[in-house]
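# A structural walkthrough
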Amino acid sequence: MAPKRTLRAGLAAGEFIVTTEFEPPKGTDLAKFREKARRLAGVVHAANVTDNQSARVKMSPLGGALALLEEGIDPILQLTCRDRNRMALQSDLLAAAAFGVRQVLALFGDPIRIGDHPEAKEVHDVDTNGLIGLVRALASGKDAAGNDLAGSADLWPGAAASPDNPDPAKVEAQVQSFLKKREAGARFFQTQAVYDTGRVAAFMARPEVKATGAPVLAGIMVLKSAKMARFVNEKIPGIFVPDAVIAELEKSSSPVETGIEIAARQVRELRGIVQGVHLYTMGLEERVPDILQKAGI
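The following refers to the structure shown. (Residues numbered from 1 in each chain as written. Predicted model: local features only at pLDDT ≥ 70, side-chain atom pairs only at ≥ 80, totals over all residues. Heavy atoms only, no water.)

### Remarks on empty space enclosed by the protein
In plain terms, the rule: With a 1 Å grid laid over protein atoms only, a set of points is called a cavity when a 1.4 Å probe fits there but cannot get out and a pocket when it is open yet has protein on both sides within 12 Å along at least five of seven lines; lining residues have an atom within 4 Å of a point. Grid points are joined across faces, edges and corners, and a volume is the space filled by probe spheres set on the points. Numbering goes from the N terminus for both helices and strands, where a helix is a DSSP run of H or I of at least four residues and a strand is a run of E of at least two. Residues were grouped as follows: Ala, Val, Leu, Ile, Met, Phe, Trp, Tyr, Cys and Pro as nonpolar; Asp, Glu, Lys and Arg as charged; and all remaining residues, including Gly, as polar.
For the structure on display, the rule yields 1 cavity of 30 Å³ or more. As a volume, the largest cavity reaches approximately 30 Å³. Residue lining of the largest cavity: Val 194, Tyr 195, Asp 196, Thr 197, Val 200, Gln 266, Glu 269 and Leu 270, and that is the complete set. Elements supplying a minimum of two residues to the lining of the largest cavity: α7 (197–205) and α11 (255–270). Of the residues contributing to the lining of the largest cavity, the split by class is 4 nonpolar, 2 polar and 2 charged.

Written as structure tokens, this is what we have:
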């Protein structure tokens, strides 16, 4: 089934982009995955499919991406440098392109030690910029060694960004990382979850960032409780949930609904600052339409 909306068409039309993400199952049963996808077909421009998120074995993101295509959603294939060498990465990219996947998000990958196979070996044959380079090579009709392909891979490489950091020194490092990824060939960026609109606006206003012209989709995580917010602050590097947000969740009689309201408020605040949002729904994919409606989209 052809996707009803796509990332590329939305960007070309100047639309405010909305993406979300799906975790493939730990197993072969795609029933729930497909059911969630059907609900969002035509609602979001595209959806990421995660790659062994948190270093836990799941179905290959390629399988999930093909399922999204069948359900009418434009997939963004996440690939990490952690689990595959450059040959395996290129093979997966060629297969994805052959079946209609058009975007790839290049990621370093969560450390093996935190997952369910801590004895596994990390690969990291290439880094994220190297993976972006592989995508660019395949799109030109060559493999990474310069050999001709029987058909090029029509793929856009994307990358992650972290614009919301209270430490000025780390902001500088993130700006340089952003610029290097753009120079490597990243066509779009999705950020970690952000909460300080002012810091995001300052990042986007940097002359060197603006000069790239790269579309940025700001990450919005739907917080289900104050406990979850504290866990995020303690355990997930690069995400900073403000005390005021935690207090708002703490005093709520319905924390999930409050989390939905907070997410919608963030979407409203970020319009005009970034080119779109990436919704981390944390299992609440069916609430995406509610978030967008409350945000006025």
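### Regarding the pattern of salt bridges
Rules: We count a salt bridge whenever a side-chain nitrogen from Lys or Arg sits within 4 Å of a carboxyl oxygen from Asp or Glu. Think of it in three bands: with a 1.4 Å probe and only protein chains considered, a residue is buried below 20% of the maximum accessible area for its type, exposed above 50%, and partly exposed in between.
Taken as a whole and judged by the stated rule, the model has 24 salt bridges. A salt bridge links Lys 58 to Glu 23, with the nearest nitrogen and oxygen atoms 2.3 Å apart. Of the two residues, Lys 58 is situated in the loop between β2 (46–49) and α3 (61–70) and Glu 23 in the loop between β1 (17–22) and α2 (31–40); the sequence distance between them amounts to 35 residues. Its salt-bridge partner being Arg 82, residue Asp 83 comes within 2.7 Å of it at the nearest N-O pair. Taking relative accessible area as the criterion, Asp 83 reaches 28% and is therefore assigned partly exposed. By sharing partners, the salt bridges in this structure join Arg 34, Arg 38, Glu 70 and Glu 71 into a single network.

### Here we look at the pairing of β1
Stated precisely, the cut-off is as follows: Strands are treated as partners if at least two bridges between them are detected by DSSP.
Most of β1 sits inside the fold, with 6 of its 6 residues counted as buried. Burial along β1 is two-sided: Ile 17, Thr 19 and Glu 21 facing one way and Val 18, Thr 20 and Phe 22 facing the other are all buried. For β1 and strand β8 (residues 276–280), the ladder comprises 4 bridges, and the chain directions are parallel. Looking at the pairing, Thr 20 lines up with Leu 279 of β8.

### Considering the nonpolar core
For the record, the criterion: Take the buried Ala, Val, Leu, Ile, Met, Phe, Trp, Tyr and Cys residues and link them wherever side-chain atoms come within 4.5 Å; each set so joined is a nonpolar core. Contacts were defined at the residue level, with two residues in contact if any of their heavy atoms lie within 4.5 Å.
Core analysis: the biggest nonpolar cluster contains 67 residues, and Leu 93 and Leu 131 have the highest contact counts within it. Those residues in contact with Leu 93, other than ones at most four positions away along the chain, are Leu 79, Val 104, Leu 131, Leu 134, Val 135, Leu 138 and Leu 155. Among the nonpolar cores identified, the runner-up in size contains 15 residues, and Met 221, Val 232, Val 241 and Ile 246 belong to it.

### Some thoughts on α2
The cut-off we apply is this: The arc in question is formed by the directions pointing from the helix axis toward the C-beta atoms.
The set of residues buried in α2 consists of Phe 33, Ala 37 and Leu 40. Buried residues along α2 cover an arc of 65° about the axis, so they all sit on one side. Where α2 is buried, its residues contact β1, α3 and α12 (288–294). Looking one or two residues beyond α2, the residue adopting positive phi is Gly 42, at roughly 85°.

### A look at α3
Our working definition: Any N or O atom pair separated by 3.5 Å or less is treated as a polar contact, with the protein-specific requirement of one donor-capable and one acceptor-capable atom, and with residues adjacent in sequence counted only for side-chain atom pairs.
For α3, the tally of buried residues reaches 7 of 10 residues, placing the bulk of the element in the interior. For α3, the set of buried residues is Pro 61, Leu 62, Gly 64, Ala 65, Ala 67, Leu 68 and Leu 69. Tucked into the core, α3 has its buried residues touching β1, α2, β2, β3 (75–80) and α4 (86–98). Looking at where α3 begins, the residue whose side-chain oxygen comes 3.1 Å from the main-chain nitrogen of Leu 62 is Ser 60. Positive backbone phi, approximately 85°, marks Gly 72, located one or two places after α3.

### A word on the packing of α4 against helix α5 (residues 128–139)
Heads up, the condition is: Note on method: axes are straight lines fitted to C-alpha atoms, helices fitted across the in-contact stretch only, with angles between N-to-C directions ranging 0 to 180 degrees. What sets the label is the angle itself: under 35 degrees gives roughly parallel, over 145 gives roughly antiparallel, 65 to 115 gives roughly perpendicular, and the rest give oblique. By convention, the crossing between two helices is left-handed when the near helix turns anticlockwise from the far helix through less than a right angle, and right-handed when the turn is clockwise.
Interaxial distance between α4 and α5 falls to 10 Å at its minimum, and their mutual angle equals 50°. In terms of orientation, α4 and α5 fall into the oblique class. α5 is crossed by α4, and the crossing has right-handed handedness. Judged by residue contacts, Arg 86, Leu 89, Gln 90, Leu 93 and Leu 94 of α4 engage Leu 131, Leu 134, Val 135 and Leu 138 from α5. Taken together, the residues of the contact of α4 with α5 sort by class into 7 nonpolar, 1 polar and 1 charged.

### Structural notes on the packing of aromatic side chains
The criterion, for reference: Think of it this way: a Phe, Tyr or Trp ring, Trp meaning its six-membered ring, pairs with another when their centres are within 6.5 Å, and the plane angle makes it stacked under 30 degrees, edge-to-face over 60, tilted otherwise.
In the structure shown here, the tally under the stated rule is 3 aromatic pairs. Plain terms: the ring middles of Phe 178 and Phe 189 are 4.0 Å apart, the flat faces sit at 25° to each other, and that makes the pair stacked. Separated by 11 residues along the polypeptide, Phe 178 in helix α6 (residues 168–184) and Phe 189 in strand β6 (residues 188–193) bring together distant segments of the chain. A residue is classified by how much of its surface remains accessible, and Phe 178, at 2% relative accessible area, is buried.

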